[in-house]
Amino acid sequence: MTRPMTPNPTPSGGEPLSLSVVIPTLNAAGTLPATLAALATSTPGIELDVVVVDGGSTDETLDVAQRCGVRIAHADGGRGPQLAEGARVALGAWFLFLHADTRPPEGWPAVVRAFAAAPANAMRAGYFRLALDVPTTDPARPAARRIERLTAWRCRRMGLPYGDQGLLLSRALYEAVGGFESVPLMEDVRLVRRIGKARLSEMPAVAVTGAARYRRDGFWRRPLKNLSLLGLHSLGVSPHLLAKLYG
């Protein structure tokens with residue numbers, strides 16, 4: 001899946017987009033195959049480099065990554081260090097950061113290439129709309145839809161997309177804002193706040209992310225817990241302490 005890279009910060013015309021997809025993993029064997037399969041679809045106009053950064057999985061995560069032919073890196077300490085390491089070893093001029101249980105939408109290459117090809121987006125970041133992986137016939141679907149609407153509101157009003165929506169940005173912008181910090185929690189919030197609401201754009205596509213954590217913690221309790229952690233973070237509570245509260 002990894003192909004040779006050529007530098008092209010803003011592709012135009014027939015130039016290919018040099019893109020690295022960075023995926024942090026920890027015991028993600030149950031969700032990673034679908035994410036990598038979605039990335040493995042035809043990617044016309046994109047030179048694709050996929051990096052799985054593992055945090056010490058004890059399941060078959062690394063076997064899955066090896067079978068899919070992606071590059072593998074390692075980092076401990078949570079998603080912050082993993083994402084930072086992935087960016088460090090990435091080959092592309094553009095980065096797409098994805099969670100292991102987040103599937104990019106059908107037709108994602110065209111959406112990503114269109115965003116990157118716009119000169120105005122050279123110093124902007126894009127994210128997908130969120131959909132939870134809950135079938136329409138599932139009794140939990142109304143609760144999932146509520147979370148999707150709240151997520152859309154949070155992004156629109158507060159400029160705070162989370163990591164499960166994916167984040168697309170140029171290497172130049174990533175480096176200009178200092179990249180991901182090596183913190184165990186809130187790494188996505190801290191990065192997008194440095195990018196700033198004015199430089200964030202919703203891309204016209206929906207990524208599907210796993211709902212296992214909502215089913216486990218509750219479709220009410222989980223968002224309330226996330227909101228509480230966000231509030232504590234805004235008050236200056238350290239990400240390391242928040243990680244302990246997060247459990």
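Every value quoted in this text rests on a predicted model; they were computed, and no experiment measured them.

The rules behind each value
- Residues numbered from 1 in each chain as written.
- Predicted model: local features only at pLDDT ≥ 70, side-chain atom pairs only at ≥ 80, totals over all residues.
- Heavy atoms only, no water.
- Phe/Tyr/Trp six-rings, centres within 6.5 Å; stacked < 30°, edge-to-face > 60°.
- Buried < 20%, exposed > 50% of the residue type's maximum accessible area, 1.4 Å probe, protein only.
- Axes fitted to C-alpha atoms, helices over the stretch in contact; angles between N-to-C directions.
- Helix = DSSP H or I, 4+ residues; strand = E, 2+ residues; numbered from the N terminus.
- Parallel < 35°, antiparallel > 145°, perpendicular 65-115°, else oblique.
- Left-handed = near helix turned anticlockwise from the far one by under 90°.
- Contact = heavy atoms within 4.5 Å.
- Nonpolar A, V, L, I, M, F, W, Y, C, P; charged D, E, K, R; others polar.

Draft legend 1. Layout of the packing of aromatic side chains. Tallied over the entire structure, the rule returns 7 aromatic pairs. Between Tyr174 and Phe180 the ring centres are 6.0 Å apart and the planes differ by 55°, which places this aromatic pair in the tilted class. This pair shows no difference in class: Tyr174 is buried, exactly as Phe180 is. In textbook terms, an aromatic cluster arises when at least three aromatic residues are bridged by ring pairs, as seen for Phe95, Phe97, Tyr174 and Phe180.

Draft legend 2. Quick peek at the packing of helix α9 (residues 221-234) against helix α10 (residues 239-246). Across the interface, α9 lies against α10 with an axial gap of 10 Å and an inter-helix angle of 160°. Taken together, the axis directions place α9 and α10 in an arrangement best described as roughly antiparallel. As α9 packs across α10, the resulting crossing turns out to be right-handed. In this structure, α9 uses Arg222, Lys225, Asn226, Leu229, Leu232 and His233 to contact α10, whose residues at the interface are Leu242, Leu245 and Tyr246. Of the residues that constitute the contact of α9 with α10, the class distribution is 5 nonpolar, 2 polar and 2 charged.

Draft legend 3. Seen up close, the side chain of Thr151. With respect to the element layout, Thr151 can be found in helix α5 (residues 141-158). When its relative accessible area of 7% is taken as the criterion, Thr151 is described as buried.

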